[in-house]
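# Results of the structural survey
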Amino acid sequence: MPIESPAIHWLDDHLLLLDQRRLPAHTEWLDVRDAAGAAEAIRQMAVRGAPAIGITAAYGLALEALRLGPGASAARLKPALEVLAASRPTAVNLFWALERLRGRFDGEPGEALGKRLVREAENIHREDQAANQRLGELGAALLPPHASLYTHCNTGALATGGHGTALGIVRSAWRNGHLKTVYAGETRPWLQGARLTAWELMQENIPVTLVADSAAGLLMARGRIDAVVVGADRIAANGDTANKIGTYNLAVLARHHRLPFIVAAPDSTLDPAMENGAGIVIEERDGDEVRRVGGTLMAPDGCPVYNPAFDVTPAELITAIVTESGVIHDPDRDALADHFARRPS
Ligand SMILES: CSC[C@H]1O[C@H](OP(=O)(O)O)[C@H](O)[C@@H]1O
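Residues numbered from 1 in each chain as written. Predicted model: local features only at pLDDT ≥ 70, side-chain atom pairs only at ≥ 80, totals over all residues. Heavy atoms only, no water.

## Points about the UniProt feature "active site" (unreviewed entry) in the protein
- Residues annotated by UniProt as "active site" (unreviewed entry) correspond here to Asp233.
- Looking at the element boundaries, Asp233 is found in the loop between β4 (227–230) and β5 (234–236).
- Those residues within four positions of Asp233 in sequence are excluded, and the remaining contacts are Ala50, Thr90, Ala91, Val92, Asn93, Ala242, Asn243, Lys244, Thr269 and Phe310. (UniProt positions renumbered as here; feature names shortened; annotations may be inferred. Helix = DSSP H or I, 4+ residues; strand = E, 2+ residues; numbered from the N terminus. Contact = heavy atoms within 4.5 Å.)

## Brief notes about the site of the ligand
- Of all residues adjacent to the ligand, which total 18 residues, the nearest are Gly49, Arg88, Asp233, Asn243 and Lys244.
- Residue Gly49 places a main-chain N or O atom 2.7 Å away from an oxygen atom belonging to the ligand.
- Protein contacts shield 100% of the accessible area of the ligand, which totals 400 Å² for the unbound molecule.
- Those elements that place two or more of their residues in the shell around the ligand are α3 (50–68) and β6 (241–244).
- Of the residues in the shell around the ligand, the class split is 6 nonpolar, 8 polar and 4 charged. (Near = heavy atom within 4 Å. Polar contact = N/O pair within 3.5 Å; in protein donor to acceptor, adjacent residues only side chain to side chain. Areas by Shrake-Rupley, 256 points an atom, 1.4 Å probe, with all protein chains shown as cover. Nonpolar A, V, L, I, M, F, W, Y, C, P; charged D, E, K, R; others polar.)

## So, the UniProt feature "binding site: substrate" (unreviewed entry) in the protein
- In this structure's numbering, the residues bearing the UniProt feature "binding site: substrate" (unreviewed entry) are Arg48, Gly49, Ala50, Arg88, Gln192, Asn243 and Lys244.
- Tracing the chain through its elements places Ala50 in helix α3.
- Not counting the four nearest positions on each side in its chain, Ala50 is found in contact with Ala91, Asn93, Ala232 and Asp233.
- Following the sequence through the fold, Gln192 ends up in helix α8 (residues 192–203).
- The residues touching Gln192, leaving out its near neighbours within four places in the chain, are Met45, Arg48, Cys153, Asn154, Glu186, Thr187, Thr197 and Lys244.

## Some words on the pattern of salt bridges
- Tallied over the entire structure, the rule returns 16 salt bridges.
- The closest approach of N and O atoms between Arg43 and Glu40, which form a salt bridge, is 3.0 Å. Here Arg43 pairs with Glu40, and both are found in helix α2 (residues 35–43), just 3 residues apart, close to one helical turn.
- For Glu283, the salt bridge identified is with Arg285, shortest N-O distance 2.7 Å. (Salt bridge = Lys/Arg side-chain N within 4 Å of Asp/Glu carboxyl O.)

## Some thoughts on α2
- Here α2 has its buried residues at Ala35, Gly37, Ala38, Ala39, Ala41 and Ile42.
- Two or three places before Ala36, at the opening of α2, Asp34 has a side-chain oxygen 3.3 Å from that residue's backbone nitrogen.
- Positioned one or two residues after α2, Met45 has a phi angle of 65°, which is positive. (Buried < 20%, exposed > 50% of the residue type's maximum accessible area, 1.4 Å probe, protein only.)

## As for the environment of Val322
- With respect to the helices and strands, Val322 occurs in strand β12 (residues 320–323).
- A residue is classified by how much of its surface remains accessible, and Val322, at 0% relative accessible area, is buried.
- Along the chain, Val322 and Ala265 lie 57 residues apart, while their C-alpha atoms are 6.4 Å from each other.
- Residue contacts for Val322: discarding those within four places in its chain leaves Leu135, Leu138, Gly139, Leu142, Ile262, Val263, Ala264, Ala265 and Val327.

## What about the packing of aromatic side chains?
- In the structure shown here, the tally under the stated rule is 0 aromatic pairs.
- We note Arg195 situated over the ring of Trp190; from NZ or CZ to the ring centre the distance is 3.9 Å.
- The side chain of Lys244 reaches across the aromatic face of Phe310, ending 4.0 Å from its centre. (Phe/Tyr/Trp six-rings, centres within 6.5 Å; stacked < 30°, edge-to-face > 60°. Lys NZ or Arg CZ within 6 Å of the ring centre and 35° of its normal.)

## Section: the side chain of Asn132
- Relative to the elements of secondary structure, Asn132 occurs in helix α6 (residues 111–140).
- By relative accessible area, Asn132 is classed as buried at 0%.
- Here Asp128 takes part through its side chain, which lies 2.8 Å from a polar atom of the side chain of Asn132.

## Some thoughts on unusual backbone geometry
- Cis geometry marks the peptide bond from Arg188 to Pro189, where omega comes out at 0°.
- Position of Pro189 among the secondary structure elements: in the loop between β2 (179–185) and α8.
- Here Cys153, not a glycine, exhibits a phi torsion of approximately 65°, which is positive.
- In this structure, Cys153 sits in the loop between β1 (147–151) and α7 (166–175).
- On the basis of relative accessibility, which here comes to 6%, the residue Cys153 falls in the buried class.
- With phi around 70°, Thr187 is a residue other than glycine that occupies positive phi space.
- Position of Thr187 relative to the elements: it lies in the loop between β2 and α8.

## As for the sheet that holds strand β11 (residues 310–313)
- Pairing is mixed across the open sheet formed by 4 strands, whose spatial order is β8-β5-β6-β11. Looking at strand neighbours, the two that pair on one side only are β8 (270–271) and β11, the edges of this open sheet.
- Pairing of β6 with β11 involves 4 bridges; the strand directions are antiparallel. Across the sheet, residue Ala242 finds its bridge partner in β11, namely Val312.
- On top of the sheet, helix α10 (residues 247–256) reaches β6 and β11; it is set at about 35° to β11, its chief contact. (Pairing = 2+ DSSP bridges. Axes fitted to C-alpha atoms, helices over the stretch in contact; angles between N-to-C directions.)

What follows is the structure, given as structure tokens:
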């Protein structure tokens with residue numbers, strides 16, 4: 001008998017929505033009823049994007065407490081915490097969300113504990129939606145009218161009520177007339193840009209052109225890009241930023257072409273305990289994600305593969321980091337003003 005709770009409905013909606021998009025069959029519809037199910041949804045990337053991963057982990061832990069019912073206690077939830085924390089290593093939002101729920105363990109155990117955890121998971125979800133709306137507005141305000149943006153990967157928009165982080169900036173810029181078009185990098189090997197960003201922007205009639213990742217340099221060299229906008233999975237205390245593999249390449253290209261490179265992420269992506277990017281764990285994923293495209297083998301079967309899912313962009317290559325708290329890192333603030341002043345009107 002499924003446990004009736006908002007968490008389940010949300011997870012079903014989220015996973016179902018991915019399923020309804022008829023994305024290349026990456027995931028059959030996952031039936032999430034407990035922490036192990038939520039961890040599998042995160043591991044399989046049925047739910048992906050740093051904020052969405054944190055929200056799903058929170059709901060997964062709450063589901064576990066509901067499943068335990070009168071027997072729910074901090075001790076009995078420990079294995080669930082561990083299986084969720086082990087699902088993916090790079091996005092700090094996952095650990096931040098679990099810590100938020102751990103902070104609600106004290107007090108009456110049992111059903112009351114389950115209710116407290118559902119409430120906290122819902123708070124995290126709601127706060128993230130508001131944060132992404134706010135940071136979208138703040139980021140869009142950095143852009144000149146009719147900016148052409150380059151995006152990489154996707155930014156968990158689905159789980160944050162359609163705002164996302166970099167996509168939050170895109171949506172706000174579109175609404176206030178600061179957006180001409182978006183060039184969405186396909187983002188090999190998982191193709192978040194092709195499968196999610198292009199899909200989401202077309203749903204909202206926001207001008208988007210899908211490009212191979214390797215086209216980014218030509219677009220910048222030909223003056224087709226005004227700024228690069230990306231999300232983040234973990235931002236160290238000095239501003240070094242982990243994001244989808246290929247982000248660092250774009251930051252070097254943007255610097256060479258003197259283009260603003262903007263990172264957009266909620267405060268829950270900040271990791272003040274991490275001094276700099278050297279200590280950020282980079283997830284390595286299965287080689288078949290590179291060997292195969294849509295399930296079809298494109299490389300010799302068994303060919304050795306190195307498949308890091310993230311890289312780290314040094315703070316000095318980042319023009320601005322935007323969170324709901326504002327522009328919190330702008331070592332190169334002049335780059336924005338300088339670039340946009342140079343643009344032909
Ligand atoms: C605001 S989403 C942040 C981040 O998450 C994505 O990684 P993945 O698709 O592997 O979960 C990507 O790095 C996004 O930029």
